[in-house]
Amino acid sequence: MDKFIFESYAGLEGQQLLGPILRDFPGRAAVVSSFGAESAVLLHMVSEVDKATPIIFLDTGKHFWETLSYRAMLIDRLGLTGVRTIAPDPADLASQDAEGKLHTLNADQCCHIRKTLPLQKALEGYDVTISGRKRYHGAARATLDFLAITDGRLKVEPLAGFSALDIGAYMSAHDLPAHPLTGIGYFSIGCEPCTTPGGSAADPRAGRWAGSGKTECGIHWSHNGETITVPAAARH
Ligand code: SF4
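Undergrad: So what exactly am I meant to see when it comes to the pattern of salt bridges here?
TA: Any two side chains of opposite charge can pair, on the condition that their charged atoms come close. Summed over all chains, the structure comprises 5 salt bridges. Arg28 is the salt-bridge partner of Asp127, the closest N and O atoms lying 2.7 Å from each other. In this pair, Asp127 is assigned in the loop between helix 7 (107–123) and strand 4 (128–130) and Arg28 in the loop between helix 2 (14–24) and strand 1 (29–32), connecting sequence segments 99 residues apart. Given the relative accessible area of 33%, Asp127 is considered partly exposed. In this structure, the salt-bridge partner of Glu38 is Lys134, at a minimum N-O distance of 2.8 Å. Pair noted here: Glu38 is in the loop between strand 1 and helix 3 (39–49) and Lys134 is in the loop between strand 4 and strand 5 (147–150), with a separation of 96 residues, a long-range link.

Undergrad: Just checking my understanding: could you explain the site of the ligand for this structure?
TA: Lining the immediate surroundings of the ligand are 10 residues, of which Ala107, Cys110, Cys111, Cys191 and Cys194 lie closest. Broken down by element, the residue count for the shell around the ligand peaks at 5 residues, all from helix 7. Considering only residue class, the shell around the ligand consists of 6 nonpolar, 1 polar and 3 charged.

Undergrad: Is there a simple way to explain the nonpolar core in this structure?
TA: Nonpolar side chains in soluble globular proteins generally cluster together in the buried interior. Membership of the largest hydrophobic core comes to 38 residues, with the highest contact counts inside it found for Ile21, Val41, Val128, Ile130, Leu147, Leu154 and Val156. Considering every element that reaches this core, the biggest residue donor is helix 3, with 6 residues. Among all residues touching Val41, those that are not within four sequence positions of it are Leu159, Phe162, Ile167, Tyr170, Met171 and Leu176. Ile56, Leu58, Leu123 and Tyr126 belong to the second-largest nonpolar core, a separate cluster that totals 8 residues.

Undergrad: Hey, could you run me through helix 8 (residues 164–173) in this one?
TA: Each α-helix turn comprises 3.6 residues. Residues three or four places apart therefore point the same way. For helix 8, the full list of buried residues reads Ile167, Tyr170 and Met171. One face of helix 8 carries all of its buried residues, which in axial projection span an arc of 100°. Away from its buried face, by an angle of more than 90 degrees, helix 8 presents the exposed residues Leu165, Ser172 and Ala173. If you follow the buried residues of helix 8, they end up packed against helix 2 and helix 3. Residue Asp175 follows helix 8 closely and has a positive phi angle near 50°.

Undergrad: Looking at this structure, I do not really get the packing of helix 3 against helix 8. What am I missing?
TA: Packed helix pairs are characterised by how far apart their axes lie and by the angle those axes make with each other. Two numbers describe how helix 3 lies on helix 8: the axes approach to 9 Å, and their chain directions differ by 55°. Viewed along their axes, helix 3 and helix 8 adopt a mutual orientation that is oblique. The handedness of the crossing between helix 3 and helix 8 comes out as left-handed. Across the interface between the two elements, Ala40, Val41, His44 and Met45 from helix 3 touch Ile167, Tyr170 and Met171 from helix 8. In terms of residue class, the contact of helix 3 with helix 8 is made up of 6 nonpolar, 1 polar and no charged.

Cut-offs used in this document
- Residues numbered from 1 in each chain as written.
- Predicted model: local features only at pLDDT ≥ 70, side-chain atom pairs only at ≥ 80, totals over all residues.
- Heavy atoms only, no water.
- Salt bridge = Lys/Arg side-chain N within 4 Å of Asp/Glu carboxyl O.
- Helix = DSSP H or I, 4+ residues; strand = E, 2+ residues; numbered from the N terminus.
- Buried < 20%, exposed > 50% of the residue type's maximum accessible area, 1.4 Å probe, protein only.
- Near = heavy atom within 4 Å.
- Nonpolar A, V, L, I, M, F, W, Y, C, P; charged D, E, K, R; others polar.
- Core = buried A, V, L, I, M, F, W, Y, C linked by side-chain atoms within 4.5 Å.
- Contact = heavy atoms within 4.5 Å.
- Arc of directions from axis to C-beta.
- Axes fitted to C-alpha atoms, helices over the stretch in contact; angles between N-to-C directions.
- Parallel < 35°, antiparallel > 145°, perpendicular 65-115°, else oblique.
- Left-handed = near helix turned anticlockwise from the far one by under 90°.

Below is the structure:
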């Protein structure tokens, strides 16, 4: 099956990859979106294929109000009908972050209970996850594959090969609205306490957990340490 999947989609990216994936895995594929700085590109592609596609938005309870507003606006603008908002388990918050300050004490554990655990639960029942990560964001994303199998689930990254220029060009070509914080210096946008203005096309995630050494929240990591990626011969 792995070989079949990789050969079937080899050389495809963007909407040419997204379209067949959504058609080949009806009801079994979910998009994960933060409705952040560049999210409109993947969401627009999804809307062009199937507006009812399941799209999971993780409301950590720590988002900028601008992100929540942008989410509502994009849903309406793109006609998305499959957006599901998930949240951390109230019991985890009560037992581990009753004061809402865990991010200052142990950011990895805060991400674990506010992001990783609820997302793991939400993705049960899906065989395919789709996200909008790009190689140009660097660090662990620099070697991102378009397709990988992690924890038995097919992970699809249609925008892996997109540059900052590609993102900007797509936004302009389709007249997509920008996240309001991008206009005041935020290049990458996550939870409010852990995001500062800054970043550039050369280092887009510089404003995320700035100065802490942390670069990822962990939702994209494998649980069992095994990730099967596209064989070199099949890569785009
Ligand atoms: S990004 Fe910050 S506030 Fe959000 S879940 Fe992670 S540590 Fe907590």
